[in-house]
Amino acid sequence: MITKTRAFRRALINAIVLVLFIILSSQFYGTYWILILPAGFFVCLFFTIALIKNLIFWLEKKNDRNFSGLPFLTQVFAILMVCLIPSRERSKQHYLMTVKLPPDRKLDCPCHLYLEYYTVFGQGAWGADLNSEYLTDSLNFRKYLGTYDEANMPIRVICHQDTIKTEIQNEYPNIETKTYSLKALQTAKEFQ
């Protein structure tokens, strides 16, 4: 039976370790990245070695009646699960602050909106932090606007009646602009 072989046990253990490591590291990466990076290197190294060994096992036993590709496919399934885990750039684990969007008297902004900030990568004394920014009215929606480096300009939000315009400076001098409808955001009831 293929599930009783050493190759399958190795694949299952490596798959579980990889998925658990990715889930846990996405929760603590913002603060403990200096410890997680070397651990991630070793987890990925052992996973890759096991993946290659299981591929060789599958190719050597391809004529067996038992399904010898199960160990390899178990690890491929783990890779697919890791790809489905949400990005840590949208992590709300490390709350930074909430700021009320200032009303612009010139632009006639009737909305009561807030910007929420979360640290997704904290470098401490070694450099600027990476923060994610959300737009919310605290009742109907929370919209992910993007991620910015503290060393650069944060995401600029401009409100004019029902229109909300965001400007994100990606690479100098490129500025990405997005436009949202306040009514559409409130009726969608989407919390990201």
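Scroll up for the structure.
Here is what the cut-offs are and how they apply
Residues numbered from 1 in each chain as written. Predicted model: local features only at pLDDT ≥ 70, side-chain atom pairs only at ≥ 80, totals over all residues. Heavy atoms only, no water. Phe/Tyr/Trp six-rings, centres within 6.5 Å; stacked < 30°, edge-to-face > 60°. Helix = DSSP H or I, 4+ residues; strand = E, 2+ residues; numbered from the N terminus. Buried < 20%, exposed > 50% of the residue type's maximum accessible area, 1.4 Å probe, protein only. Lys NZ or Arg CZ within 6 Å of the ring centre and 35° of its normal. Lys, Arg positive; Asp, Glu negative; His and termini not counted. Salt bridge = Lys/Arg side-chain N within 4 Å of Asp/Glu carboxyl O. Polar contact = N/O pair within 3.5 Å; in protein donor to acceptor, adjacent residues only side chain to side chain. Pairing = 2+ DSSP bridges. Core = buried A, V, L, I, M, F, W, Y, C linked by side-chain atoms within 4.5 Å. Contact = heavy atoms within 4.5 Å. Axes fitted to C-alpha atoms, helices over the stretch in contact; angles between N-to-C directions.

Caption draft 1: Region of interest: the packing of aromatic side chains. Across all of its chains, the model carries 4 aromatic pairs by this definition. A centroid spacing of 5.7 Å and a plane angle of 90° characterise the contact between Tyr-118 and Tyr-134, whose relative ring orientation is edge-to-face. Of this pair, Tyr-118 sits in strand S2 (residues 114-121) while Tyr-134 sits in strand S3 (residues 130-136), and the two are 16 residues apart along the sequence. One exposure class covers both Tyr-118 and Tyr-134, and it is buried. Three or more aromatic residues joined by ring pairs form one cluster here, namely Tyr-118, Tyr-134 and Tyr-144. Geometry around Tyr-114 places Lys-100 over its ring, the cationic atom sitting 5.6 Å from the centre.

Caption draft 2: Examining the side chain of Asp-137 more closely. Positionally, Asp-137 belongs in the loop between S3 and strand S4 (142-149). It is Lys-189 that comes nearest to the buried, bridge-free Asp-137 among opposite-charge side chains, at 7.3 Å. A polar atom in the side chain of Asp-137 sits 3.4 Å from the side chain of Gln-186.

Caption draft 3: Layout of the pairing of strand S5 (residues 156-160). Strand direction decides the pairing type here: S5 and strand S6 (residues 163-169), joined by 5 bridges, are antiparallel. Along S6, the bridge assignment pairs Cys-159 with Ile-164.

Caption draft 4: Layout of the nonpolar core. Among the nonpolar cores identified, the biggest contains 16 residues, and Leu-113, Leu-115, Leu-135, Leu-145, Val-157 and Ile-164 are the most heavily contacted of them. Contributing elements (two or more residues each) for this core: S2, S4, S5, S6 and helix H3 (182-188). In contact with Leu-135, other than residues within four places in its own chain, are Leu-113, Tyr-114, Leu-115, Phe-141, Arg-142, Lys-143, Leu-145, Val-157, Ile-164 and Leu-185.

Caption draft 5: Quick peek at the sheet that holds S5. What the 3 strands build is an open sheet, ordered S5-S6-S7; its pairing is antiparallel. Of all the strands in the sheet, the pair left with one neighbour each is S5 and strand S7 (175-181). Averaged over all neighbouring strand pairs, the angle between strand axes comes to 20°, with direction disregarded. Bridge count for S6 against S7 is 7 bridges, and the pairing is antiparallel. When the sheet's bridge partners are listed, Thr-163 is paired in S7 with Ser-181.

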